[in-house]
Amino acid sequence: TKCKLTGYLRKHKWSVYVKSLDKKVHERKCIDRVVIKLDKNSFGKEEVVISHAPFKFTSTGWGVFEVPIIIFWKEWMKKEPTII
C-alpha cells in the first residue's frame, strides 16, 4: 500500500521490540511501558505507547530511518527512563 502522507510505496515490513537479555528476568516485571518515536509524516503519528509485554511494534515502511525508544521502568526500580 502507499503511504497517504508521502505517496511512497510501503512494501517493507519491520518490527522493533524491547526484550530482557537475562532469561531469568522477564521484561514485564521491570518495564512499565515503552514509547516508540515515529516520523509523523511517514507514519501518521509521532509515537506508539506499548503498556504490556511483548513490547513490540510492527509496521510497514519504504526507507531507512532511526527509531528512538524510551523505556519507562516500574516504580519499584526507582530508575529514570532509558532512551535508546
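Above this note sits the structure.
Residues numbered from 1 in each chain as written. Predicted model: local features only at pLDDT ≥ 70, side-chain atom pairs only at ≥ 80, totals over all residues. Heavy atoms only, no water.

A closer look at the nonpolar core
Right, so step 1: Within the largest apolar cluster, 16 residues are counted, with the highest numbers of intra-cluster contacts made by Val18, Ile31, Val34, Ile36, Leu38, Phe57 and Ile69.
Right, so step 2: If you list the elements that add at least two residues to this core, you get strand E1 (12–18), strand E2 (31–37), strand E3 (47–50), strand E4 (55–61) and strand E5 (69–73).
Right, so step 3: Residue contacts for Val34: discarding those within four places in its chain leaves Val18, Val48, Val49, Ile50, Phe55, Ile69 and Ile70. (Core = buried A, V, L, I, M, F, W, Y, C linked by side-chain atoms within 4.5 Å. Buried < 20%, exposed > 50% of the residue type's maximum accessible area, 1.4 Å probe, protein only. Helix = DSSP H or I, 4+ residues; strand = E, 2+ residues; numbered from the N terminus. Contact = heavy atoms within 4.5 Å.)

Remarks on the pairing of E4
Right, so step 1: With burial as the criterion, only one face of E4 is covered, namely that bearing Phe55, Phe57, Ser59 and Gly61; the residues Lys56, Thr58 and Thr60 on the opposite face remain uncovered.
Right, so step 2: Pairing analysis gives 7 bridges linking E1 to E4, with the strands arranged antiparallel. Among the inter-strand pairings, Val16 is bridged to a residue of E4, identified as Phe57. (Pairing = 2+ DSSP bridges.)

Some details on the side chain of Glu27
Right, so step 1: Relative to the helices and strands, Glu27 is located in helix H1 (residues 27–30).
Right, so step 2: Nearest to the buried, unbridged Glu27 among oppositely charged side chains is Lys19, at 4.1 Å.
Right, so step 3: Side-chain polar atoms of Glu27 contact the backbone nitrogen of Ser20, separated by 3.1 Å.
Right, so step 4: Leave out the neighbours within four places in its chain, and Glu27 touches Val18, Lys19, Ser20 and Phe55. (Lys, Arg positive; Asp, Glu negative; His and termini not counted. Salt bridge = Lys/Arg side-chain N within 4 Å of Asp/Glu carboxyl O. Polar contact = N/O pair within 3.5 Å; in protein donor to acceptor, adjacent residues only side chain to side chain.)

What about the pattern of salt bridges?
Right, so step 1: All told, the structure shown has 2 salt bridges when counted by the stated rule.
Right, so step 2: One salt bridge in this structure joins Asp32 and Arg33, with 2.9 Å as the shortest N-O distance.
Right, so step 3: Overall, Asp32 belongs to the partly exposed group, its relative accessible area being 32%.
Right, so step 4: As a salt-bridge pair, Lys37 and Glu47 come within 2.8 Å of each other at their nearest N and O atoms. Here the residue Lys37 occupies a position in strand E2, and Glu47 occupies one in strand E3, the gap between them amounting to 10 residues.

Details of the packing of aromatic side chains
Right, so step 1: In total, this model carries 4 aromatic pairs according to the counting rule given.
Right, so step 2: Between the aromatic rings of Trp14 and Phe65, the centroid separation amounts to 5.3 Å while the plane-to-plane angle is 75 degrees, which identifies the pairing as edge-to-face. Pair noted here: Trp14 is in strand E1 and Phe65 is in the loop between E4 and E5, with a separation of 51 residues, a long-range link.
Right, so step 3: Considering the side-chain rings of Phe43 and Phe65, the 5.5 Å spacing of their centres and the 65 degrees angle between planes classify their relative orientation as edge-to-face. Separated by 22 residues along the polypeptide, Phe43 in helix H2 (residues 40–43) and Phe65 in the loop between E4 and E5 bring together distant segments of the chain.
Right, so step 4: One aromatic cluster is present, built from ring pairs that chain together Trp14, Phe43, Phe57 and Phe65.
Right, so step 5: Positioned above the aromatic ring of Phe72, the side-chain terminus of Arg33 is 3.9 Å from the ring centre. (Phe/Tyr/Trp six-rings, centres within 6.5 Å; stacked < 30°, edge-to-face > 60°. Lys NZ or Arg CZ within 6 Å of the ring centre and 35° of its normal.)

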